[in-house]
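Observations on the three-dimensional arrangement
Given next are the chains, with one letter for each unit.
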Amino acid sequence: MQRSSYIPLLVAGGLAALAGCNEHQAQATRTENRNAAQSAAPAAVAAPTGLPNFTALVDQFGNAVVNVEVVGMARQTADSGMAPSDAPLRDFFKRFGIPIPGEGAPNHGSPPVLHGAGSGFIVSHDGYILTNAHVVADADEVTVKLTDRREFPAKVIGSDARTDVAVIKIEAEDLPIVRIGDQTTLKTGEWVLAIGSPFGLDNTATAGIVSATARAVPGGMDVPFIQTDVPVNPGNSGGPLFNLQGEVVGINSMIFSQNGGYMGISFAIPIEVAMHVHDQLIQTGHVVRGRIGVMVQNVDGELAQPFGLDRPRGALVSAVENGSPAARAGVKPGDVILKVDDHAIDQSNQLSSFISQRHPGDETTLTVWRAKQEQQLQVRVAELKEDKPRSVPPMPQMKDDASGGARLGLAVKPLTPEEKKSLGTDGSVVVGEVSGAAARAGIQPGDVVLGVNDRQVKTVADLRSASKDLPAGEPAALLIERQGARIYVPVRVG
């Protein structure tokens, strides 16, 4: 069986790394650059009848797309430069004649030189360039090549791995720049164009359509990706994604692949996310993010029903951190966040994206769905601090299980104080055995049961009472805690 991977689009040479600013000032700078681009460029590209013609767009903005070459020294300690997770890429390197990382002539103890190449685009006349963080990661030298064949050494101004956005700078004046657009107006089925340097082939244009918006991908990136079917390949990383009006709406970042090559699914970082990072990196060299202290998940069809939603939408709150801004605002587990200010939340990752772009101290209005009606809560955003890794406690010993959730396929028992302390949980009921609907839903022995629908479970009797009132054959939303993470799981009632 072939393994599927989300692959960053950095083409390898000898070896590649695959894998509170001043808001008013930043906004003024961005507006000045946009206005300059609009005054310098011809009229926006009009959407033609029939198939689109991208020649005018490429003529106007192709010279603002650059090739980014990086050089560094190997930092792997293993014999091979390719990690085990990169194994699917080995055939990909061979197919396109790219030297395989870590293979070839021995280096007699000297660390091999790493070469990589990606793309970028110029956003200011004085040389600021947006690209992907993974393009310039661990680079000792960065060189930017323009379409007129001029080459400039580049300085990495800042890099943000969480969004995969980096800003680099070259010393030049009167450079061509792109126009920054608004990805929120994108619609599925709309034509888009990518320009970049796949396999080092500078200024290559490829086109396709928007396949989806606000797409979440595994890997911990809180980015509502734009999914397209635009053909992009290694080397396209960091290049712009244009709409038909000639505006950049995204940064091409990765592909989904089972063999290392393009398979019709590619992902771009929304330009709003990228420009938020861009402004902060230029102003301060690092990114400050907002947080409100909730753990959320998507609402699917089976979870929408027990919470009384008309359709699957919003971000379902599975946990609220004690003392967090959300807790102080009155947010509770089981709330479904439908809006942040005027921004509708359809997928849960949109909540994280909207909140992270707020500055610490900002007042934000949350529209939540609770008890089958909307209400608004005011929350003051705090600063996000990166979490430290946490150790996984041992599972409690399961003895003398009591049947408290038979209709759900659960045998449960109360947790002892020692077990609660070991697990680091506020819950009191742990699953001993699973069968039937619970087993099919993925509930596991050792899961701590915290609630059923909008009812808290603090004792085995609470679970028995909550289960008794559930309609047979319909899904119930079971809130569980597993290894420190909380999630609602839909379980069909027996």
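The rules we used
Residues numbered from 1 in each chain as written. Predicted model: local features only at pLDDT ≥ 70, side-chain atom pairs only at ≥ 80, totals over all residues. Heavy atoms only, no water. Helix = DSSP H or I, 4+ residues; strand = E, 2+ residues; numbered from the N terminus. Buried < 20%, exposed > 50% of the residue type's maximum accessible area, 1.4 Å probe, protein only. Areas by Shrake-Rupley, 256 points an atom, 1.4 Å probe, with all protein chains shown as cover. Core = buried A, V, L, I, M, F, W, Y, C linked by side-chain atoms within 4.5 Å. Contact = heavy atoms within 4.5 Å. pLDDT = per-residue confidence, 0-100. Pairing = 2+ DSSP bridges. Phe/Tyr/Trp six-rings, centres within 6.5 Å; stacked < 30°, edge-to-face > 60°. Lys NZ or Arg CZ within 6 Å of the ring centre and 35° of its normal. Expected span 1.5 Å × (residues − 1).

**Section: the overall build of the chain**
Scanning the chain for helices and strands turns up eleven helices and 30 strands. Here the chain holds 494 residues, and the buried ones make up 50% of them. Accessible area of the chain: about 22,500 Å², with a carbon and sulfur share of 50%.

**Quick look at the nonpolar core**
Core analysis: the biggest nonpolar cluster contains 32 residues, and Phe 121, Leu 130, Val 178, Phe 225, Phe 242, Ile 269 and Ile 271 have the highest contact counts within it. Among the elements of the structure, helix H2 (55–61), strand S8 (165–169), strand S10 (191–196), strand S14 (247–257), strand S15 (266–270) and helix H5 (271–284) are those that each provide at least two residues to this core. With six residues, the top contributor of residues to this core is H5. Beyond its immediate stretch of four places on either side in the chain, Ile 269 contacts Asn 132, Thr 163, Asp 164, Val 165, Val 223, Phe 225, Val 249, Gly 250, Ile 251, Ser 253 and Ala 274. Among the nonpolar cores identified, the runner-up in size contains 21 residues, and Val 457, Ala 466, Val 489 and Val 491 belong to it.

**So, helix H8 (residues 348–356)**
Here H8 lies mainly inside the structure; eight of its nine residues are buried. Listed in full, the buried residues belonging to H8 are Ser 348, Asn 349, Gln 350, Leu 351, Ser 353, Phe 354, Ile 355 and Ser 356.

**Considerations on the environment of Ser 352**
Within the secondary structure, Ser 352 is located in helix H8. Look at Ser 352 and you get partly exposed, because its relative accessible area is 26%.

**Structural notes on the confidence of the model for the chain**
Confidence in the prediction for the chain averages 81 pLDDT; 77% of positions are at 70 or higher. Residue range residues 14–26 is modelled with pLDDT below 50. Its contacts to residues more than four positions away, or to other chains, number 37 contacts. Note on residues 388–403: pLDDT is under 50 here. Beyond four places in sequence and across chains, it has 32 contacts.

**Notes on the pairing of strand S30 (residues 485–492)**
Pairing analysis gives eight bridges linking strand S29 (residues 475–482) to S30, with the strands arranged antiparallel. Within S30, the position partnered with Leu 479 by the bridge is Tyr 488. With antiparallel pairing between neighbouring strands as the criterion, S29 and S30 make up a hairpin whose turn holds two residues, including Gln 483 at a positive phi of roughly 50°.

**Concerning the packing of aromatic side chains**
Scanning the model with the defined rule gives four aromatic pairs in all. Centre to centre, the rings of Phe 307 and Tyr 488 are 5.3 Å apart; their planes meet at 90°, and the pair counts as edge-to-face. Taken as a pair, Phe 307 in the loop between helix H6 (301–304) and strand S18 (315–320) and Tyr 488 in strand S30 lie far apart in primary sequence, 181 residues in all. Here Phe 307 and Tyr 488 have matching classes, each one buried. We note Lys 169 situated over the ring of Tyr 128; from NZ or CZ to the ring centre the distance is 5.3 Å.

**Regarding the pairing of strand S22 (residues 373–380)**
Sheet analysis places strand S21 (residues 363–370) next to S22, joined by eight bridges and oriented antiparallel. Of the residues in S22, the one forming a bridge with Leu 366 is Leu 377. Between S21 and the antiparallel strand that follows it, S22, lie two residues; Ala 371 among them carries a positive phi value of about 55°.

**Brief notes about H5**
Taking 1.5 Å per residue as the helical rise, H5 with its 14 residues ought to reach 20 Å, and the 20 Å between its terminal C-alpha atoms agrees with that figure. Across the 14 residues that make up H5, a large majority, ten, are buried. Within two residues after H5, Gly 285 carries a phi angle of roughly 85°, on the positive side.

**Here we look at unusual backbone geometry**
The phi angle at Ala 214 is positive, at roughly 55°, despite the residue not being glycine. Note on placement: Ala 214 falls in strand S11 (residues 204–215). On the basis of relative accessibility, which here comes to 14%, the residue Ala 214 falls in the buried class. We note that Asn 453 has phi near 55°; this positive angle belongs to a residue other than glycine. With respect to the helices and strands, Asn 453 occurs in the loop between strand S27 (448–452) and strand S28 (455–456). Taking the relative accessible area as the measure of exposure, Asn 453 reaches 16% and is therefore buried.

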